[in-house]
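The chain contents come next:
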Amino acid sequence: MLQILDMTEDQYIQAIRWSLTAHKLFLKRSPSEIRVNAYNKTLLETWKANMDIQYVLDPYACAMYIVSYISKGQRGMSNLMQRATKEAKDGNHDIKQRVRHIGNKFLNHVELSAQEAVYLILQMSLRKATRQFVIQELPDDSTDVECMGLIKKYSARPKVLENYCLADFAALFDVSTSKSESVTTQAADEIENEDDPLFEKSATDKICGAGVGKSQVLKGLYNALLRYYSTLPGNDPDDTNILLMAPTGKAAYCIKGTTIHCALHIPANQGLSDYKALTNDKLNSLQVKYHNLKIIFIDEISMVGHRIFRYIDQRLQQIMGSKKVFGGVSIIAVGDLFQVKPVKDGSIFKELTDDYGPLATNLWKSNFTAYELTEIMRQKDDQAFAQLLNRLREGNQTSDDLATLAARQFTSD
């Protein structure tokens, strides 16, 4: 090639250097690869996808590249950012509040490309991966290294589900690996083969599980509502339509939700007697996040006291911009009324007694309807023990009950 151009190698290198303003590394390639992106053979064989690799020789250039890439769709926001910066400087705020103010302005005034707008309007997923990883704990001596996919689960379905097509099977059923749980569909109730996997319908009129089935009821309702809202025209799949909350971190973890304090930005280190409104920045963030919120599930409702319940009502009214009870958001509360009582607060199931409580409206009694699950599922195979636990739970234990429990005591000897 250099002979055709009547150039020496030194002249060629010198010509390239004239066009450079910074250090740059050129990978050795043949003339036939002039249109191929820079690559590393070892990485390419491992990655098995498109690659355009470059060595970073200038930290400042790397930072500029990242910033320009992130903000390439925000060219028209310079004036907005300048105004936000000026507002932050003029206000009596510390550096943390200034950064939060500028960040909120940026997040809530994002410009969208035409392609992204089309994807959002048509409810198409913005993210898609061809590989999926599932972490599953197995015994040390287990040889089961394959995770069943949808087709294999459909092939292994019980005989009573033979008339279901693949589409209905995928839409209506989930696989439960627990042999102790009851099957929650009328068809699956007839399954007699214990080797068949247990199938659990997401939304049913008969739901069973631990205890009397509170967790399964919550899960079934959540999945059914999630599917309902996802099918509504114009609904953004990234919007928060349903929120799962609980008063403690452990309870929130069990339902894969979040704590009440975290979800609604309620400070844990302040009293709840007087309502403290959100700042404009925090309010703006929550309004953007929950602008399409329809339903809230609150688990372990027995641990939620009067003060925090009133605080939830006032916070939702502020976020939703509505004077309706709970800001017009539907609340589904789940819990055992005989479990732990609220800490330093009165139970929401009883009348208020502190301050002006007797004159205030009891949110629970005025707005909620109770539905009780009476069929015990956890100890369904031992009715005598289940009845003993029920009497103990209600404080009506007999001397025979205490004697039965005492007979099951074990000593360290």
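Every chain is numbered on its own, with residues counted from 1 as its sequence reads. Under the rules for a predicted model, residues below a pLDDT of 70 receive no local features and side-chain atom pairs below 80 are neither given nor counted, while totals for whole chains, interfaces and linings still include all residues. The side-chain figures draw on all heavy atoms in the structure; neither hydrogens nor water molecules are used.

## Some words on the packing of aromatic side chains
Each aromatic ring pair is specified by the distance between its two centres and by the angle formed by the two planes.
Part 1 of the argument: Each Phe, Tyr or Trp ring, with Trp reduced to its six-membered ring, pairs with another whose centre is within 6.5 Å; inter-plane angles below 30 degrees give stacked pairs, above 60 give edge-to-face pairs, and intermediate values give tilted ones. Throughout the structure, instances matching the rule amount to 8 aromatic pairs.
Part 2 of the argument: Relative to Tyr311, the ring of Tyr275 has its centre 4.9 Å away and its plane inclined at 55 degrees; by these criteria the two rings are tilted. Linking Tyr275 in the loop between α11 (260-263) and α12 (280-289) with Tyr311 in helix α13 (residues 306-320), this pair joins segments that are 36 residues apart in sequence.
Part 3 of the argument: A relative accessible area of 26% means that Tyr275 is categorised as partly exposed.
Part 4 of the argument: Residue burial is assigned from relative accessible area. The probe radius is 1.4 Å, only protein chains are included, and a residue is buried under 20% of its type maximum, exposed over 50%, and partly exposed in between. We classify Tyr311 as buried; its relative accessible area is 1%.
Part 5 of the argument: Aromatic ring contacts, followed pair by pair, group Phe309, Phe326, Trp364 and Phe368 into a single cluster.
Part 6 of the argument: The ring of Tyr39 has Arg29 lying over it, and the distance from NZ or CZ to the ring centre is 4.2 Å.
Part 7 of the argument: Put simply, a charge is over a ring when the Lys NZ or the Arg CZ is close to the ring centre, within 6 Å, and near the line of the ring normal, within 35 degrees. Across the ring face of Tyr154, the terminal group of Arg157 is positioned such that the distance to the ring centre comes to 3.9 Å. Numbering goes from the N terminus for both helices and strands, where a helix is a DSSP run of H or I of at least four residues and a strand is a run of E of at least two.

## Some remarks on the sheet that holds strand β5 (residues 295-298)
Part 1 of the argument: With respect to topology, 4 strands assemble into an open sheet ordered β4-β3-β5-β6, the strand pairing being parallel. The sheet terminates laterally at β4 (258-259) and β6 (330-333), the two strands that pair on one side only.
Part 2 of the argument: Bridging between strand β3 (residues 242-246) and β4 involves 2 bridges; their strand directions are parallel. When the bridges of β4 are listed, Met245 appears paired with Thr258. A pair of strands is considered paired only if DSSP assigns at least 2 bridges between the two.

## A closer look at the packing of helix α15 (residues 383-394) against helix α16 (residues 399-406)
Part 1 of the argument: Between N-to-C directions, angles span 0 to 180 degrees; the directions come from axes that are lines fitted to C-alpha atoms, helices contributing only their stretch in contact. Running from N to C, α15 and α16 point in directions that differ by 115 degrees, and their axes come no closer than 10 Å. Judged by the angle between their axes, α15 and α16 are roughly perpendicular. The hand of the α15/α16 crossing is left-handed. Where α15 approaches α16, its residues Leu388, Arg391 and Leu392 are matched on the opposing element by Asp401, Thr404 and Leu405.
Part 2 of the argument: Across the contact of α15 with α16, the residue classes break down as 3 nonpolar, 1 polar and 2 charged. Here the word oblique covers every angle except those under 35 degrees (roughly parallel), over 145 (roughly antiparallel) and from 65 to 115 (roughly perpendicular). Working rule for handedness: look at the near helix, and if it is turned counterclockwise from the far one by less than a right angle, call the crossing left-handed; if clockwise, right-handed. We call two residues in contact when some of their heavy atoms are within 4.5 Å. Three classes are used: nonpolar for Ala, Val, Leu, Ile, Met, Phe, Trp, Tyr, Cys and Pro, charged for Asp, Glu, Lys and Arg, and polar for all others, with Gly counted as polar.

## Remarks on the environment of Phe326
Part 1 of the argument: Position of Phe326 relative to the elements: it lies in the loop between α13 and β6.
Part 2 of the argument: Residues Phe326 and Ile296, 30 residues apart in the sequence, show an inter-C-alpha distance of 9.9 Å.

## Things to note about the side chain of Asn362
Part 1 of the argument: On the secondary structure map, Asn362 appears in the loop between β6 and α14 (363-367).
Part 2 of the argument: Residue class for Asn362 comes out buried when judged on its relative accessible area of 7%.
Part 3 of the argument: As used in this structure description, the phrase polar contact means that two N or O atoms lie within 3.5 Å; if the pair is within protein, one of them must be able to donate a hydrogen and the other to accept it, and residues adjacent in sequence are counted only when both atoms belong to side chains. Within the local environment of Asn362, its side chain forms a polar contact with the backbone nitrogen of Trp364, the two atoms lying 3.0 Å apart.

## With respect to a nonpolar patch on the surface
Part 1 of the argument: There is a patch of nonpolar side chains on the surface, built from Val118, Tyr119, Ile121, Leu122, Met124 and Leu126 and spanning about 560 Å² of accessible area.
Part 2 of the argument: Within the element layout of this structure, Leu122 appears in the loop between α6 (114-121) and α7 (150-155).
Part 3 of the argument: According to the relative accessible area criterion, Leu122 is exposed, its value standing at 54%. Patch members must show over 30% relative accessible area and no salt bridge, and they are joined within 9 Å when carrying like charges or within 5 Å when they are nonpolar side chains of Val, Leu, Ile, Met, Phe, Trp or Tyr. Residue-level accessible areas treat just the shown protein chains as cover; the underlying method is Shrake-Rupley with a 1.4 Å probe. Think of a salt bridge as a Lys or Arg side-chain nitrogen and an Asp or Glu carboxyl oxygen that are within 4 Å of each other.

## Some points on the confidence of the model for the protein chain
Part 1 of the argument: On a scale of 0 to 100, pLDDT captures the predictor's confidence in every residue. Taken as a whole, the protein chain shows an average pLDDT of 76; of its residues, 77% reach a score of 70 or greater.
Part 2 of the argument: Per-residue pLDDT stays below 50 along residues 178-210; that stretch engages in 79 contacts with residues further than four places along the chain or on separate chains.

## Some thoughts on the nonpolar core
Part 1 of the argument: Put simply, buried Ala, Val, Leu, Ile, Met, Phe, Trp, Tyr and Cys residues joined by side-chain atoms within 4.5 Å make one nonpolar core. Among the nonpolar cores identified, the biggest contains 30 residues, and Ile260, Leu264, Ile296, Ile298 and Phe309 are the most heavily contacted of them.
Part 2 of the argument: Within the residue set of this core, elements represented by two or more residues are β3, α11, α12, β5, α13 and α14.
Part 3 of the argument: With 6 residues, α13 is the single largest residue contributor to this core.
Part 4 of the argument: Non-local contacts of Ile296, meaning those with residues more than four positions away in its chain, are made with Leu243, Met245, Leu316, Val329, Ser330, Ile331 and Ile332.
Part 5 of the argument: Core analysis: the next-biggest nonpolar cluster, separate from the first, contains 12 residues, Tyr229, Ile242, Ile255 and Ile295 among them.

## A closer look at unusual backbone geometry
In terms of backbone geometry, most residues other than glycine have negative phi values and most peptide bonds are trans.
Part 1 of the argument: Unlike most non-glycine residues, Lys48 shows phi in positive territory, near 55 degrees.
Part 2 of the argument: Its place among the elements puts Lys48 in the loop between α2 (41-47) and α3 (59-70).
Part 3 of the argument: Non-glycine residue Glu300 carries a positive phi angle of around 50 degrees.
Part 4 of the argument: For Glu300, the position within the fold is in the loop between β5 and α13.

## Focus: the side chain of Asn241
Part 1 of the argument: Tracing the backbone shows Asn241 in the loop between α9 (214-230) and β3.
Part 2 of the argument: Asn241 gets classed as buried once you look at its relative accessible area, which sits at 7%.
Part 3 of the argument: Only 3.1 Å separates the side chain of Asn241 from the backbone oxygen of Asn292, close enough to count as a polar contact.
Part 4 of the argument: In contact with Asn241, other than residues within four places in its own chain, are Tyr229, Asn235, Asn292, Leu293, Lys294 and Ile295.

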